[in-house]
Amino acid sequence: MSTYGLTLSGVTLPGEQDPLGICAVEPPAFAADGRVEVPTWRIDLPSSPEAAQAILAQTTRLLQQREDNLDVIRRELDSFSLEGDGVSFSVATGVPARFAAQKDALRSTLGVYSVEEEMASYGLKDLFKKKEARPETLSQDDEDYNQWTSFVQQVEQMVTHYARVETAIAGYNLIGLTRVGWTGNFHTTWKSSAPSAFRKIHLQSVNVALASRIALMHVVAVVVGGAAGLATKATALPPGGQVLLLPSAWRFVRDVLKVLQEV
């Protein structure tokens, strides 16, 4: 194995990419009996215990950084204003300050749901009708909606079904396999020929994999909470209308995460 790091398989994430940029993603495979592979985190590591520890430490730092990024995005959504903030670029980083482009796109979407004269005759059921039955400005972006619903379904599968965590060491192949039930119960099997020093490394791998799963759950929470907060600013939305803003909130979170990862 020439590439070391964390791989997530058995799920279908949008674009076959981890929105947090932590895991390589492999689509589900089907067993001979037709069953779909369960969510599996596999960590490939070098044979040197010191080098393996360094990779796990680096991945842990990256996960913490992504959690910090999600907190930044949550605060940006909480403070979002339809009027704008009047700042366009950060000289220090060269990145649009406070994510101006992403906010402008979100502002445009919310503007549609904030013009009461256009919305007065539309109840929530009307807004869910087929796109051809709505005003053009109320058309949802199907791709973003489908991405969001698929992402939520996959995260739900990660949480409600048991997960596998595998640690593979160069020269030994799979040295530890842990099954984690949805209640948090663990069952670990070991390769008998693997050095005992690698057992500790596998347990650290399990912690990293579960932290990755928690971070994906955090993405869902930020999107849902963001849509609920945005709904209070889209004054023409009917009760329950925050569900219409989920694709926009998802797009904002996804795009800002990408900007922060590039930085």
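Up top you'll find the structure we're talking about.
Numbers given for residues are sequential positions, taken from 1 along each chain in its written order. At least 70 in pLDDT is required for a residue's local features to be given in this predicted model, at least 80 for side-chain atom pairs to be given and counted, and no such filter applies to totals for whole chains, interfaces and linings, which use all residues. Excluded from the side-chain calculations are hydrogens and water; all other atoms, namely the structure's heavy atoms, are used.

What to know about the overall build of the protein
- Looking only at helices and strands, one finds 7 helices and 6 strands in the protein.
- Helices and strands appear in the protein in the N-to-C order β-β-β-α-α-α-α-α-β-β-β-α-α.
- Buried means the residue's accessible area, taken with a 1.4 Å probe over protein chains only, is under 20% of the maximum for its type, while exposed means over 50%, and partly exposed covers the values in between. In the protein, which comprises 263 residues, the proportion classed as buried is 43%.
- Intrachain contacts of the protein at a sequence separation of at least 6 include 65% that bridge at least 24 residues.
- With residues, only the protein chains shown are counted as cover, and all accessible areas are computed by Shrake-Rupley using a 1.4 Å probe. Carbon and sulfur atoms make up 54% of the accessible area of the protein, which amounts to about 13,500 Å² in all. Secondary structure is summarised from DSSP: a helix means a run of H or I of at least four residues, a strand means a run of E of at least two, and numbering begins at the N terminus for each. Residue contacts follow a heavy-atom distance rule, with two residues in contact if any of their heavy atoms lie within 4.5 Å.

What about the environment of Val243?
- The residue Val243 is located in the loop between helix 6 (197–231) and helix 7 (246–262) in this model.
- Measuring from C-alpha to C-alpha, the distance between Val243 and Ala231 comes to 8.7 Å, with 12 residues separating the pair along the chain.

Let's talk about the packing of aromatic side chains
- Each Phe, Tyr or Trp ring, with Trp reduced to its six-membered ring, pairs with another whose centre is within 6.5 Å; inter-plane angles below 30 degrees give stacked pairs, above 60 give edge-to-face pairs, and intermediate values give tilted ones. In total, this model carries 4 aromatic pairs according to the counting rule given.
- Members of the aromatic cluster, each reached through a chain of ring pairs, are Trp148, Phe151 and Trp250.

Some words on the environment of Ile175
- For Ile175, the location among the structural elements is in strand 5 (residues 173–180).
- Between the C-alpha atom of Ile175 and that of Lys191, which follows or precedes it by 16 residues, the distance is 4.8 Å.
- Sequence-distant contacts of Ile175, defined by excluding residues within four places in its chain, comprise Thr167, Ile169, Thr189, Trp190, Lys191, Ala194, Phe198 and His202.

A word on the pairing of strand 3 (residues 40–45)
- Where burial is concerned, most of strand 3 is hidden: 5 out of the 6 residues are buried.
- Only strands joined by at least two bridges in the DSSP assignment are considered to pair. As judged from the 6 bridges shared by strand 3 and strand 4 (residues 163–169), these two strands associate in the parallel manner. Looking across to strand 4, one finds that Arg42 is bridged to Glu166.

A short note on the nonpolar core
- Side-chain atoms within 4.5 Å link the members of a nonpolar core, which is a set of buried Ala, Val, Leu, Ile, Met, Phe, Trp, Tyr and Cys residues. Counting residues in each nonpolar core, the largest one holds 57 residues, and the members touching the most others are Phe151 and Val253.
- Once you skip the residues sitting within four places of it in the chain, Val253 turns out to touch Leu70, Ile73, Leu77, Val219, Val222 and Val223.

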